[in-house]
Amino acid sequence: MVPSYVPLSYYLLLSGFLFACGVVGFLIKRNIITIFMSIELMLNGVNLSFVAFAAHWHALAGQVFVFFVMVVAAAEAAVGLAIIIAVYRTRETLNVDQVNLLKL
Amino acid sequence: MTANLNLWLIPILPLAGAAINGFFGRKSSRQAVTTVGLFFSGAALAWALLVVARVSSATLPYHEYLAQWIRSGSFSVDFAFYLDQLSLVMLLVVTGVGFLIHIYSVGYMWDDPSYYRFFSYLNLFMFFMLTLVLADNYLVMFIGWEGVGLASYLLIGFWFTKDSAASAGKKAFIVNRIGDFGFLIALFLLIKHFKSLNFDQVFQSVAPMGAETASAGLLTAIGILLMVGACGKSAQIPLYIWLPDAMEGPTPVSALIHAATMVTAGVYMVSRSHVVFERAPMALTVVAVIGTLTAFFAATIGIAQTDIKKVLAYSTVSQLGYMFMACGVGAFSAGIFHLMTHAFFKGLLFLAAGSVIHAVGGEQDMRKMGGLRSYIPWTFLTMSIATLAISGVPPLAGFWSKDEILCKAYQVSWVYWLIGLVTAFITSFYMFRLLYMTFFGDYRGVQADAHGSHGHDAHGHGEPHESPKVMLVPLMILAVLSLVGGLVGVGNRFEHFLAPVFESGNKFYPPLLDAAASAGPIENPGGNSMEYVLMGASVAVAFLGWYLAYLLYLRRPELPQKIADSLDGLYEAVVHKYYVDELYAAVFVKPLIDGSTRILWHGVDQDLIDAAVNDAGDGARHVSDELRHMQSGNLRSYAGWIAAGSAVVIAVMIWMWTGAR
């Protein structure tokens, strides 16, 4: 019998894949914009797992969480982009390897 | 029963003086310090005299209970005082001589910047010494015993900026500790076997016990351990070495503590414990042998000393030996008699020596004195009296007491008597040597003319000058006491006075001499005739010593050097005090210092304790040094660490989840 809906594990695998892409992107990319996008990718991977669980268990909390995450992500995007602009203005670069003054 | 004598006032008064001078003396004037110091020691003397006036032999012994101290089961120790004929004698000697020396110190110490400190210590000493002699039990006595040791330490090291004085103080303290160790063990034995430290109770338990003639037992052990304590305090072989060094202290201190009172505490303690000693002939023999040897040994060292105070120090050791000899042959009252007369004439000798030192500007070397007779006539007069007294010239104080000791010693064994007699000869010799070297001949010190015009505002200037009256009056009083002090012993009156103390224990047991005398040849003097022969012998040796000193140091002053040269090795040994200090240094002190340095300091302290602490610190630093590199400032490496950490956490969670099933 063909299931009438996509099983939960598919969503979770996709969510995990998206999150892993985000992590890898964060680790290997040097451009701050790209890293920033990787963070968004991770957040959305997690969001996907939230809504998948919410649909599976018929619980509304997961959906609500996603809204919260989106709000935080939007605020973070605003602040983060502002920081990136500030960094670019002072350092004239977006390469994170060169933004390493904060060390011993 | 008698009225309350308030004995506690006698020690407390000097303590109050010590406290007042100690706390407020720094800011007070010298006059105020003097007033306080003299008032409180004088008040102690006055109260002691009042007590003497109010007691009679019928009311003694007198007990005074002050407060409970230790109570543990059936064992108890109280703060309590005890007065009998023995402590009465000690009380008068300590307060009397003590007060005189306080007066003398006013003159002697006037220019010292720490004048108030001196009087504070001196009063403190009086407090502890009076506690010692008035104690009702061994533990209160021990307070006084340790306290006088402390006061002695403080006063020897009074001029602590001088290295030799500071080390002399330490030496005295440490050597005394060795003796105190023996004393303490004796006290533990008393507690264990008699469940008490109270004199009356202990002696009542001891009295019925038989003498340990056949084999050494408990009483012998206690006696010998007490003697170890006495050896420390009273500077007997083998612990006498601290006393000569103690002469680093100011001269009044030498007179009060290291001649007249504190060093006699051992004799007092042994006499107080006579009930124990009488039942332990072996311990008595130990006491007698130590005393006799010390008397002789120290006297021989005294011959070759050139420091005026060192001569007197060895003389003190020697005279203390006499006292122990007396105790050792069972003649405790003779020992106490000599203790008293010795306090007079030796106190006087030291004070006079102080006056001499004062006169010649701090010089202590007799070779740089001489001819002082005409400069300081009063000092010369009083010192001559004291010299005659210590040499045993009748009818001065020393003659009576020394003669009595020798007589009693002869009754036990002629060996003690003979050594004692030879010692008396040597004593007479070195004392007159001191007298001749100091007061006769020509003045060999710095010539006065060189800086005569500067006046003698400070020590070391001008020609030798007589001391002020405040120093001379005590000298004269002590001189009178040295003249007539021995007369109380004529006709055995002193012995009879002390008889209630020394015969109390013998109600249950016949006198010890039966046991002790059987060891030696029994030659009890047939009445008075034997006594007169012995007396004649001691007078003869006294004059012989005098004559020899006269011959060598006045008539033929070049002769002593020749004799010394001809006796090269022996003379060297005597000058170096038989190398006893060097021997102790090699056998005890050096191994101790080496062991402490190598094992305890370098080994344990540096290599173990310090190393552990330092290595812990170093280790933390090294680890941090490595971990520091994690903080690279590289964003991607941080992210990597976070990712790796999360991965580990997830892995652990999965592992636990699957493991829990």
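Keep in mind the model is a prediction, meaning the values are calculated, not measured. Think of each chain on its own: its residues are numbered from 1, step by step along the sequence as written. For this description, chains carry letters from A and ligands carry numbers from 1, given in the order in which they are written. Restriction of local features to residues with pLDDT of at least 70 applies here, the model being predicted, together with a cutoff of 80 or more for giving and counting side-chain atom pairs; totals for whole chains, interfaces and linings are based on all residues. The side-chain values count all of the structure's non-hydrogen atoms but skip hydrogen atoms and water molecules.

Glancing now at the overall build of chain B. Numbering goes from the N terminus for both helices and strands, where a helix is a DSSP run of H or I of at least four residues and a strand is a run of E of at least two. When helices and strands are counted, chain B shows 26 helices and two strands. In terms of principal-axis extent, the alpha carbons of chain B reach across some 115 × 75 × 55 Å. In chain B, which comprises 661 residues, the proportion classed as buried is 54%. By the convention used here, residues are in contact when the closest approach between their heavy atoms is within 4.5 Å. In chain B, the proportion of contacts linking residues at least 24 apart, taken out of those at least 6 apart, comes to 81%. Across chain B, the mean location of the 38 positive side-chain charges is 4 Å away from that of the 43 negative side-chain charges. Buried, partly exposed and exposed residues are distinguished by accessible area as a fraction of the type maximum, computed with a 1.4 Å probe on protein chains only: under 20%, between the cut-offs, and over 50%, respectively. Within this scheme the basic residues Lys and Arg register as positive and the acidic residues Asp and Glu register as negative, but His and the chain ends are omitted. A single reference atom marks each charge: NZ on Lys, CZ on Arg, CG on Asp, CD on Glu.

Let's shift gears to the overall build of chain A. Per the secondary structure count, chain A includes three helices and zero strands. When the helices and strands of chain A are placed in sequence order, the string is α-α-α. Taken against the 2.2 N^0.38 rule, which gives 13 Å for 104 residues, the C-alpha radius of gyration of chain A at 18 Å runs more than 25% over that of a compact globule. Taken over the C-alpha atoms alone, chain A extends approximately 60 × 25 × 25 Å along its principal axes. What the globule rule says is 2.2 Å times the number of residues to the power 0.38, and the radius of gyration is computed from C-alpha atoms.

Residue and element names in this part refer to chain B. Of the pairings in the sheet, the one linking strand β1 (residues 62-72) to strand β2 (residues 75-83) comprises nine bridges and is antiparallel in character. Across the sheet, Y65 pairs through a bridge with A80, a residue of β2. Between β1 and β2, which pair antiparallel one after the other, the connecting turn spans two residues, and G73 there sits at a positive phi close to 65°. Should DSSP find at least two bridges between two strands, the strands are taken to pair.

Before going further, it helps to spend a moment on the pattern of salt bridges. When charged atoms on two side chains of opposite charge get close, those side chains can pair. For this document, the term salt bridge refers to a Lys or Arg side-chain nitrogen within 4 Å of an Asp or Glu carboxyl oxygen. Tallying each qualifying case throughout the model produces 16 salt bridges over all chains. Here R636(B) ties to D97(A) by a salt bridge, and the two come within 3.3 Å at their closest N and O atoms. Taken together, the residues R636(B) in helix α26 (residues 635-660) and D97(A) in the segment after α3 (61-91) connect one chain to another. Put simply, E278(B) and R279(B) hold a salt bridge, and the shortest N to O gap is 3.9 Å. R279(B) matches E278(B) in its accessibility class, with the two residues each being buried.

This next bit is on the packing of aromatic side chains. Residue and element names in this part refer to chain B. When two rings of Phe, Tyr or Trp (its six-membered ring) have centres within 6.5 Å they constitute a pair, described as stacked for plane angles under 30 degrees, edge-to-face for angles over 60, and tilted for the intermediate range. On inspection of all chains with the given rule, the structure shows 36 aromatic pairs over all chains. Look at F199 and F203: their rings are 6.0 Å apart centre to centre, the planes differ by 10°, and that puts the pair in the stacked class. Of the two residues, F199 and F203 are both situated in helix α7 (residues 199-206); the distance of four residues between them amounts to about one turn of the helix. Of the two residues, F199 and F203, both sit in the buried class. Ring plane angle 20° and centroid distance 5.7 Å describe the contact between F543 and W546, whose orientation is recorded as stacked. Of the two residues, F543 and W546 both sit in helix α22 (residues 528-555), three residues apart, roughly one turn of that helix. Under the relative-accessibility criterion, F543 is labelled partly exposed at 38%. Residue classification places W546 among the partly exposed positions, given a relative accessible area of 27%. An aromatic cluster is defined as three or more aromatic residues linked by ring pairs; in this entry it consists of F380, F432, Y436, F439, F440, F543, W546, Y547 and Y550.

Our focus in this paragraph is the side chain of S254(B). Within the fold, S254(B) resides in helix α10 (residues 251-260). Setting aside residues no more than four positions away along its own chain, S254(B) makes contact with A246(B), M247(B), G249(B), A259(B), K309(B) and F350(B).

Facing the 13 residues of chain A at the interface are eleven residues of chain B. Together, the buried faces of chain A and chain B total about 920 Å²; carbon and sulfur atoms form 63% of this surface. At the surface where chain A touches chain B, the tally comes to one salt bridge. By the criterion applied in these results, polar contacts are pairs of N or O atoms within 3.5 Å in which, for protein atoms, one can donate a hydrogen and the other can accept it, and in which residues neighboring in sequence qualify only through two side-chain atoms. Scanning the region where chain A abuts chain B turns up two residue pairs in polar contact (both at pLDDT 80 or more). Partitioning the side of chain A that touches chain B into residue classes produces eight nonpolar, one polar and four charged. Buried area: the sum, over both parts, of the accessible surface (1.4 Å probe) that disappears when the two are put together. For this classification, the nonpolar set comprises Ala, Val, Leu, Ile, Met, Phe, Trp, Tyr, Cys and Pro, the charged set comprises Asp, Glu, Lys and Arg, and every other residue, Gly included, is treated as polar.

All names here are of chain B. As used here, the term nonpolar core means buried Ala, Val, Leu, Ile, Met, Phe, Trp, Tyr and Cys residues forming a set that is joined through side-chain atoms within 4.5 Å. Of all hydrophobic cores here, the largest spans 177 residues; its most connected members are L83, Y138 and M383. The biggest single contributor to this core is helix α15 (residues 332-359), with 17 residues. Apart from the residues within four sequence positions on either side, L83 is in contact with L5, L7, V51, V55, L60, P61, Y62, L88, L91 and L134. Grouped together as the second largest cluster of nonpolar side chains are 19 residues, M325, V329, Y416 and L421 included.

Residues and elements named next belong to chain B. Taken together, the side chains of W8, I12, L66, W69, I70 and F79 make up a nonpolar region of the molecular surface, amounting to roughly 470 Å² of accessible area. The topology assignment puts I12 in helix α1 (residues 9-24). Under the relative-accessibility criterion, I12 is labelled partly exposed at 35%. For patch detection, residues must exceed 30% relative accessible area and be free of salt bridges, and they are connected within 9 Å for like charges or within 5 Å for nonpolar side chains (Val, Leu, Ile, Met, Phe, Trp, Tyr). Using a 1.4 Å probe, the Shrake-Rupley method yields the accessible areas, and only the shown protein chains count as cover for residues.

So, about unusual backbone geometry. A cis amide bond, omega 5°, links I237(B) with the succeeding residue P238(B). Mapping P238(B) onto the fold places it in the loop between α8 (218-233) and α9 (242-245). For the bond running from P394(B) to P395(B), omega is 0°, close enough to zero to count as cis. Phi at H58(A) is positive, roughly 55°, even though this residue is not glycine. Position of H58(A) among the secondary structure elements: in the loop between α2 (32-57) and α3. Residue H58(A) is classed as exposed on the basis of its relative accessible area, which comes to 76%. Phi at Y578(B) takes a positive value of approximately 60°, unusual for a residue other than glycine. Within the element layout of this structure, Y578(B) appears in the loop between α24 (568-575) and α25 (580-627).

Do not read the fine detail of predicted coordinates wherever pLDDT is low. Residues and elements named next belong to chain B. Mean pLDDT for chain B: 86, with 93% of residues reaching 70 or above. Confidence scores here are pLDDT values: one per residue, from the predictor, ranging 0 to 100. A low-confidence stretch, residues 448-461 (pLDDT under 50), is modelled with 15 contacts involving residues beyond four sequence positions or located in other chains. Low pLDDT, under 50, characterises residues 505-526; the stretch is placed with 29 contacts to residues that sit more than four places away or in other chains. ipTM for the predicted complex: 0.79, alongside a pTM of 0.78.

Right, let's get into the environment of V133(B). Residue and element names in this part refer to chain B. With respect to the element layout, V133 can be found in helix α4 (residues 115-134). Overall, the relative accessible area of 0% leaves V133 in the buried class. Considered as a pair, V133 and M90 are 43 residues apart in the sequence and their alpha carbons are 6.4 Å apart. Not counting chain neighbours up to four residues away, the residues in contact with V133 comprise Y82, S87, M90, L91 and Y268.

With that settled, the discussion passes to helix α19 (residues 469-484) of chain B. Residues and elements named next belong to chain B. Multiplying one less than the number of residues by 1.5 Å gives the expected span of a helix. The end-to-end C-alpha separation of α19 is 22 Å, in line with the 22 Å expected for 16 residues at 1.5 Å each. Among the residues of α19, M471, L472, P474, L475, L478, A479 and S482 are the ones counted as buried. For α19, the buried positions fall inside an angular range of 160° around the axis, keeping them on one side. Buried residues along α19 sit against α3 (85-108), α15, α16 (377-391) and α17 (397-412). Taken from the helix axis, the directions to the C-beta atoms give the arc we talk about.

The next subject is the environment of Y578(B). Residues and elements named next belong to chain B. The partly exposed category is assigned to Y578, whose relative accessible area is 28%. Separated by 365 residues in sequence, Y578 and T213 place their C-alpha atoms 35 Å apart. Beyond its immediate stretch of four places on either side in the chain, Y578 contacts F297, T300, I301 and A573.

What follows deals with the side chain of D112(B). Residues and elements named next belong to chain B. Checked against the element boundaries, D112 lands in the loop between α3 and α4. Of the polar contacts made by the side chain of D112, one reaches the backbone nitrogen of S114; its length is 2.8 Å. Those residues in contact with D112 that lie beyond four places of it in its chain are R30, F158 and W159.

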